[in-house]
Structures are given as C-alpha cells and as structure tokens.
Amino acid sequence: MDGEPSGGLRRDAIGLREVLFQSITAMAPAAAVAASIPSGAAFAGGSLPLAVLIALVACLFTASCVAELARELPAAGSVATYAARGLHPAVGFLVGWAYVFVEMLVPPLLLLQLGFTAAGTLHAEWSAYPADLWWPWSLAGAGVIAVAGCLGVRASARLGVVLGVFEVLVLVVFAVLLIGRAGGANTLSVFGTAHTADGYSGAAGVFAGSVYTVLAFAGFEAAAPLAEETRDPRRTMHRAVLGAALGIGLFYVLTTYAMTVYFGPDRFAEFGASGAASWEGVARASFGLFWVLVFLAVVNSTIANANACANVSTRTAFALARIRVLPGLLATLHPRHRSPVAGIAVQTAVAVAAVLGLGLAYGPVTAFLLLATVIVTVVVGVYIIVNLSCAGYFLRSGRAAVKPVRHLLFPVLGSAAFVPALLTAAGLPVFDFVTELTAPVSYAGPVVGAWMAVGAVVLLVLVRRHPERIAETARVHLDAYDPGGGRRSGTVPR
C-alpha cells in the first residue's frame, strides 16, 4: 500500500500537479469569472480589473500564511491542526468542527448551480425542456463525485486535473479573443479609478468591488488536507497553495481585463452573471457557438469544485475521527483504495439531502444563495484564525524561526483584508455597499451560530471526559513515521 501505516491514508499517492489542481478547482475559476467576480462590477464598474488585482494581493497574504503552516505541519487536519498548534487545541477543534461543516456544504452548493445552470440553458435552447427540471443534473453530479472519491485520491485528484485544465484553457482562449476583438479599445486605464460605477466614485468603488471579488479566491487552501497522501508534502503543499492563489489570481485579472475592455469600461457597471451583459451573453452574441464551450466550462467548474471540496471535507473529517473527536466511523477506509469511504457516504448523503431539501423547498437559486452565505461566512472566519495561528505558531517556535514579514506582517494584513469580506458575507451593513440579507438567506447566521453552539458543547464534554483527544488535534501524524513506514520515537514534532 505504498508504505502507508496501518489505518492511514495512502502515502505518496499524488504529486504537485494533482494537489495544485486540487486548490485550483476548489476556487472554481470558470464559475467565479462568470458569476462571482461580476458582482463587483456594480461598484467598481470598468475599474473592476484594479479591484481584482487588489483582491489578489490581499489574498496572497493569507495564502502565504497557509503555505508556511502547510510546510511546517503537513496534516490531513490542515486548518484544525494549524489553529491547534498556533493558538490552542480547543481552538483547533472548533476550527475543524466549523471547517468540516462548511466543506460538506460546498458540494451541494455547486450541485445546485450545476442543476439550475444546465436546466436554464437547455430551456433557453429548447423551450420544451422544463426550466424547473434541474435536480436530475444535480444528482448525476453527486454520483460522479461519489464514485471518483471512492476510487481513491489518485482518481479523484486526476479528475480534478482534467476538469481544471479544461475550464482554465477555455476561459484563457476566450479572453485572448476578447482582447483581440477590442483592438484599439485596449487600455490600462481600467487599472485606475476613472471608470467606477455611479455613486461609488474613485477608490470607494474599487474597494467595494474588491471586497466582493475577494470571495472568488476562497478555496486556495484546499490542497492542504491532502498532505498525508502527497509526495514530499512539506515542499509540495507550500508550492501548491501559493501557486494556486497566484496563478488563478492572475487568471482572474486577465479574464476581467479582457471582458472589461471588450464590453466597454464606462458601461461595465451594467455587467452581471446572466443575460446579454454576461460572459455567456457576450459569447452568444459575438462568438457564435463558442458560447457552448463557455457554458461547458462553467458546468465543468461546478463538478470540479464539488469534487475538490468533497476531498477536503472527507479528509478533515477523517483526521478528526482518527483522534476520536468526531465519530470513529468517519475514519473508516476502503481496504484497497485507502479512501475514507464512510466519510464519502456521509458527504454524498448530506449533498443529496441539502440539494433536494433546500432546492425543492426554496428553489435552487435561493437555496444556492443560502448555502453560499453560510459557507463564505465560516470560511472567511477560518482564514482570519489561520492568519493568527501563523503568527502564534512561529512566535512559539522561538525568535530564530520568526520571519517578521511573512510570520507577523502578512497575518495582520491578511486578517485586515478579510474582515470587510466577512462583514459583507454576513450581510452586516457596516459599509454602505453591504446589502442586508433577507429570508431565507438571512437564516445563514442562526444556522452557523447553532452549529458552533453544538460544537462548544461537544468541546466542553470532551475537555471534561477526554482532554487527551482535544490535545491530539495538534498532532502531525506524518511525523510519527519514517519514509519506510516504521514508527519514530516521538509523535508530535518539535
């Protein structure tokens, strides 16, 4: 079994290419370009490329922190382990509790998008197809993801590579075509503040646009939970996390610039996620059947993202179940593929229940918005805690290990960048561009609060009855074994 310890995930199963695309597909680049990033146009207008560039720089601060911790602490528990070692094991448990929850909700979120995107497009092309017959597409996507997951990390990660290459390639080719068609309209003025939307002039509009754009970067850390299945994980994780954040960030800048100069900077505030003023709308009107490739890239992106986040949720759940702070059943592995089959079964059941329950009750689009609000609120909060954990970990390691810029300045800047995004995602009207949430999307806050309250109760019970299990959240299991699979004398490094 490639030298993995008994009861462990498959060692050395994947390399840099697979984990890089694990993070890339978790960011859903095509779906973000077509749907998430255009939401910032209402504020930044034709200066949206500048807003995206600012968001890239801001996200790189947090990506650097994650990469530093991933190199030091290669563990399937990822963010839970980082918080446990950098702050306190109890914080690590709560971070893991929250992270498993939201990562299990990402696949149903994307499956809902798959459903209503496919159904809406088919209805637009052939009116006989019912616009509300979205759920078979969602269930088909859930089946593909479950099968890939059960076949092991190699199958799942390589599926991500294929899907990721396709969606990025399609959008890059389209961006080049747009820039070519723009001709003399190409201008660097879109990287200034001259084209912001009415009512949000200058830097205020760019800032508002960047806050909404930051949310498109979520997922760059998704490589980290695959550390125990990756060759040379300390080096590979560091390169994958930073490479995904930087590479897809530049991809966002390129594609946003291309559409802005083609569509027209001074009217770009009208641009959105659907209709004639959208990526698909422009492709339909000006590039013939190329719109089919854009459509397929977005659909592809939903499946790739759901697949990547299913890997994240099942590995994090496995890591917490292994130390018995979650039910031990979630640590059950397939005897041949070493995949966490019980976790995959639970993930699939949660996805199907959420898709059908919320989608049929509220409609797929409203259900999508509700899940997105829950997910982004928690994930952004986790990013802030990971930033603090980076500073805490290296300060605890001793003065010689601390690099002031990477380990102190970047965590502060990364946290500061994500606070406005957290307030925006939660619908808290601290800024005038934040829209208050309405029901049922406003239920996201109580749902998150209730889940974390249950987590606090579980934590108190574990601290009282099994404090050693909470302490285990700080353990890096790879460091307990030598390259040949034999046990070392210690279990927790340094």
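Structure shown above.
Residues numbered from 1 in each chain as written. Predicted model: local features only at pLDDT ≥ 70, side-chain atom pairs only at ≥ 80, totals over all residues. Heavy atoms only, no water.

Asks: Can you lay out the overall build of the chain for me, pointing to particular residues and giving the numbers?
Replies: Along the chain, the regular secondary structure elements total 17 helices and 0 strands. For 494 residues, the compact-globule estimate of 2.2 N^0.38 gives 23 Å, and the C-alpha radius of gyration of the chain, at 22 Å, lies within 12% of that figure. With the C-alpha coordinates aligned to their principal axes, the bounding extent of the chain is approximately 65 × 55 × 40 Å. Within the chain, counting contacts between residues at least 6 apart in sequence, those at least 24 apart form 79% of the total. Approximately 18,500 Å² of the chain is accessible, and the part contributed by carbon and sulfur atoms is 67%. Taking the 30 positively charged and 24 negatively charged side chains of the chain as two groups, their mean positions are separated by 12 Å. (Helix = DSSP H or I, 4+ residues; strand = E, 2+ residues; numbered from the N terminus. Rg over C-alpha atoms; globule rule 2.2 N^0.38 Å. Contact = heavy atoms within 4.5 Å. Areas by Shrake-Rupley, 256 points an atom, 1.4 Å probe, with all protein chains shown as cover. Lys, Arg positive; Asp, Glu negative; His and termini not counted. Charge placed at Lys NZ, Arg CZ, Asp CG, Glu CD.)

Asks: So, the packing of helix 6 (residues 89-125) against helix 16 (residues 444-465): which residues are in play, and what are the values?
Replies: Two numbers describe how helix 6 lies on helix 16: the axes approach to 10 Å, and their chain directions differ by 140°. Comparing their axes, helix 16 and helix 6 come out oblique. The crossing of helix 6 and helix 16 is right-handed. The segment helix 6 lies against helix 16, with Ala90, Phe93, Leu94, Trp97, Ala98 and Phe101 engaging Val447, Trp451, Met452, Val454, Gly455, Ala456, Val458, Leu459 and Leu462. (Axes fitted to C-alpha atoms, helices over the stretch in contact; angles between N-to-C directions. Parallel < 35°, antiparallel > 145°, perpendicular 65-115°, else oblique. Left-handed = near helix turned anticlockwise from the far one by under 90°.)

Asks: Pulling in residues and values, what's your account of the environment of tyrosine 443?
Replies: Inspection of the secondary structure assignment puts tyrosine 443 in the loop between helix 15 (404-425) and helix 16. By relative accessible area, tyrosine 443 is classed as partly exposed at 39%. Linking tyrosine 443 and alanine 216, residues 227 residues apart in sequence, is a C-alpha distance of 22 Å. Setting aside anything within four residues of it in sequence, one finds tyrosine 443 in contact with Tyr362 and Leu370. (Buried < 20%, exposed > 50% of the residue type's maximum accessible area, 1.4 Å probe, protein only.)

Asks: Talk me through the pattern of salt bridges; I want residue IDs and the actual numbers.
Replies: In a structure, side chains of opposite charge can pair up when their charged atoms sit close to one another. Scanning the model with the defined rule gives 9 salt bridges in all. For glutamate 68, the salt bridge goes to arginine 71, with nearest N and O atoms at 2.7 Å. Taken as a pair, glutamate 68 and arginine 71 lie in helix 4 (residues 48-72) at a separation of 3 residues, close to a single helical turn. For glutamate 68, a relative accessible area of 3% puts it in the buried group. For arginine 71, a relative accessible area of 28% puts it in the partly exposed group. Notably, a salt bridge pairs arginine 284 with glutamate 125, separated by 2.5 Å at the nearest N-O pair. (Salt bridge = Lys/Arg side-chain N within 4 Å of Asp/Glu carboxyl O.)

Asks: Help me get a handle on the packing of aromatic side chains, residues and values and all.
Replies: Considering all chains together, one arrives at 21 aromatic pairs under this definition. On the numbers, 5.0 Å between centres and 20° between planes, the contact of phenylalanine 220 with tyrosine 383 is stacked. Taken together, the residues span a long stretch of sequence, with phenylalanine 220 in the loop between helix 9 (202-214) and helix 10 (233-263) and tyrosine 383 in helix 14 (residues 364-397) at a distance of 163 residues. Overall, the relative accessible area of 2% leaves tyrosine 383 in the buried class. Geometrically, the ring pair formed by phenylalanine 268 and phenylalanine 271 is stacked, given 4.7 Å between the ring centres and 10° between the ring planes. Of the two residues, phenylalanine 268 and phenylalanine 271, neither departs from the other in class, the shared state being buried. Three or more aromatic residues link up through ring pairs in this structure, and these residues are Phe174, Tyr262, Trp279, Phe287 and Phe290. Here arginine 267 stacks its cationic end above the ring of phenylalanine 263, 4.1 Å away from the centre of that ring. (Phe/Tyr/Trp six-rings, centres within 6.5 Å; stacked < 30°, edge-to-face > 60°. Lys NZ or Arg CZ within 6 Å of the ring centre and 35° of its normal.)

Asks: Can you tell me about unusual backbone geometry, naming the residues and giving the values?
Replies: Following alanine 439, the chain continues into proline 440 via a peptide bond in cis, with omega recorded as 0°. Looking at where proline 440 falls in the secondary structure, it is placed in the loop between helix 15 and helix 16. At alanine 28, a position not held by glycine, the phi torsion is positive, near 50°. One non-glycine residue with positive phi stands out, namely arginine 338, at about 60°. Along the chain, arginine 338 turns up in the loop between helix 12 (290-322) and helix 13 (341-362).

Asks: Help me get a handle on the packing of helix 6 against helix 13, residues and values and all.
Replies: Two quantities define a packed helix pair, namely the angle between the helix axes and the distance between the axes. Look at helix 6 against helix 13: their axes get within 8 Å of each other, and the N-to-C directions meet at 50°. When the axes of helix 6 and helix 13 are compared, the pair comes out oblique. Considering how the two elements wind past one another, helix 6 and helix 13 form a crossing that is right-handed. Contact residues: helix 6 offers Glu103, Met104, Leu105, Pro107, Pro108, Leu111 and Leu112, while helix 13 offers Gly343, Val346, Gln347, Val350, Ala351, Ala354, Val355 and Gly359.

Asks: Describe helix 11 (residues 279-286), with residues and values.
Replies: Restricting attention to buried positions, one finds in helix 11 the residues Trp279, Gly281, Val282 and Ala283. The inward-facing, buried residues of helix 11 contact helix 2 (29-36), helix 8 (153-182), helix 10 and helix 12. Just beyond helix 11, the residue with positive phi is glycine 288, at close to 55°.

Asks: Give a description of a nonpolar patch on the surface that names residues and reports values.
Replies: A cluster of nonpolar residues, Val165, Leu169, Val173 and Leu177, forms a patch on the protein surface that exposes about 310 Å² of accessible area. Mapped onto the elements, valine 173 comes out in helix 8. (Patch = residues over 30% accessible without salt bridge, like charges linked within 9 Å, V, L, I, M, F, W, Y side chains within 5 Å.)

Asks: If you had to explain the environment of valine 461 to someone new, which residues and values would you point to?
Replies: Summarising the element assignment, valine 461 is placed in helix 16. Judged by relative accessible area, which is 39%, valine 461 ranks as partly exposed. Spatially, the C-alpha atoms of valine 461 and tyrosine 252 are 45 Å apart, while their sequence positions differ by 209 residues.

Asks: Which residues make up the nonpolar core, and what values go with them?
Replies: Looking at soluble globular proteins, one finds that nonpolar side chains tend to be buried together. Tyr82, Phe174, Tyr252, Met259 and Trp279 are the most contacted members of the largest nonpolar core, which totals 129 residues. Among the elements that take part in this core, helix 14 stands out by supplying 18 residues, more than any other. Beyond its immediate sequence surroundings of up to four residues, tyrosine 82 is in contact with Val66, Leu69, Ala70, Leu73, Leu87, Ala224, Val386 and Ser389. Of all hydrophobic cores here, the second largest spans 16 residues; its members include Ala90, Ala317, Leu462 and Ile470. (Core = buried A, V, L, I, M, F, W, Y, C linked by side-chain atoms within 4.5 Å.)

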